Amino acid sequence: MADEALFLLLHNEMVAGLYRAAEQGEGENGRCTTKLESMGFRVGQGLIERFTKDTARFKDELDIMKFICKDFWTTVFKKQIDNLRTNHQGIYVLQDNKFRLLTQMSAGKQYLEHAPKYLAFTCGLIRGGLSNLGIKSIVTAEVSSMPASTTHSCNECVQEDD
């Protein structure tokens, strides 16, 4: 429980610190999102490497996405993804109805415009994990109502066979 609180505080402080620096002229707001996504990418690479060292090789892209939704998401956010959908052509939609990084914000519409900056790290986390599993992807997130989050992953499977 304490590690979860520390992660939430660290994440909030990373977001606030980057945007505060941008407001003081040390960077641009657009670059803050990119920087958060890059940080998440590196963390995702490291976590996937650690989590999959003792697991069997995945059969296909769908197995990888199921692993991300169940094991990876549970380890990082203490719950599974609520919904995983796919069109079986490389587009996956992951839905979390009580996304931990947004639950501290009000459930009203007034903070909806601030939600994307709190999702950038998570987009990088997923993209980094997929990258380490051999899948190049574009990951985007959207919030239509707080604290629900929908993450879209457009994957180009480049998994190498041994």
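Scroll up to find the structure this text is about.
In this report, we go over the structure that sits alongside the text. This one's a predicted model, so the numbers in the text were calculated from it and none came from an experiment.

### Notes on the overall build of the protein
And step 1. When its secondary structure is counted, the protein shows 4 helices and 4 strands.
And step 2. Starting at the N terminus, the α and β elements of the protein follow one another as α-α-α-β-β-α-β-β.
And step 3. In the protein, which comprises 162 residues, the share counted as buried stands at 41%.
And step 4. A separation of at least 24 residues holds for 57% of the contacts in the protein among residues at least 6 apart in sequence.
And step 5. Within the structure as shown, the protein displays about 9300 Å² of accessible surface, and the carbon and sulfur contribution to it stands at 50%.

### Here we look at the pattern of salt bridges
And step 1. The final tally for this structure, using the stated rule, is 4 salt bridges.
And step 2. D96 is the partner of K79 in a salt bridge, and the nearest nitrogen-oxygen pair spans 2.7 Å. Placement of K79 in the loop between α3 (61–77) and β1 (83–86) and of D96 in strand β2 (residues 91–96) is noted, with a sequence separation of 17 residues between them.
And step 3. Its relative accessible area of 1% is what places D96 among the buried residues.
And step 4. Because the salt bridges share partners, they merge into one network encompassing K79, D82 and D96.

### Considerations on helix α4 (residues 115–132)
And step 1. Spanning 18 residues, α4 covers 27 Å between terminal C-alpha atoms, matching the ideal 26 Å at 1.5 Å per step.
And step 2. Largest kink in α4: about 25 degrees, centred on F121.
And step 3. Counting buried positions along α4 yields 14 of 18 residues, so the element is predominantly enclosed.
And step 4. Phi turns positive, to about 90 degrees, at G134, one or two residues after α4.

### Quick word on unusual backbone geometry
And step 1. A positive phi is found at K78, a non-glycine position, where the angle reads about 65 degrees.
And step 2. Overall, the relative accessible area of 38% leaves K78 in the partly exposed class.
And step 3. For H88, which is not a glycine, the phi torsion comes out positive at approximately 60 degrees.
And step 4. Relative to the assigned elements, H88 resides in the loop between β1 and β2.

### Regarding the packing of aromatic side chains
And step 1. Enumeration according to the criterion identifies 7 aromatic pairs in this entry.
And step 2. Ring centres 4.6 Å apart and planes at 45 degrees place the aromatic pair W73 and F77 in the tilted group. Of this pair, W73 and F77 both sit in helix α3, 4 residues apart, which is roughly one turn of the helix.
And step 3. F77 sits in the buried class, given a relative accessible area of 2%.
And step 4. Between W73 and F99, the ring centres sit 5.9 Å apart and the planes meet at 35 degrees, which makes this aromatic pair tilted. Pair noted here: W73 is in helix α3 and F99 is in the loop between β2 and α4, with a separation of 26 residues, a long-range link.

Rules used in this analysis
- Residues numbered from 1 in each chain as written.
- Predicted model: local features only at pLDDT ≥ 70, side-chain atom pairs only at ≥ 80, totals over all residues.
- Heavy atoms only, no water.
- Helix = DSSP H or I, 4+ residues; strand = E, 2+ residues; numbered from the N terminus.
- Buried < 20%, exposed > 50% of the residue type's maximum accessible area, 1.4 Å probe, protein only.
- Contact = heavy atoms within 4.5 Å.
- Areas by Shrake-Rupley, 256 points an atom, 1.4 Å probe, with all protein chains shown as cover.
- Salt bridge = Lys/Arg side-chain N within 4 Å of Asp/Glu carboxyl O.
- Expected span 1.5 Å × (residues − 1).
- Bend = angle between axes of the 7 residues up to and from the residue.
- Phe/Tyr/Trp six-rings, centres within 6.5 Å; stacked < 30°, edge-to-face > 60°.

Just distances and angles here, no functional claims.
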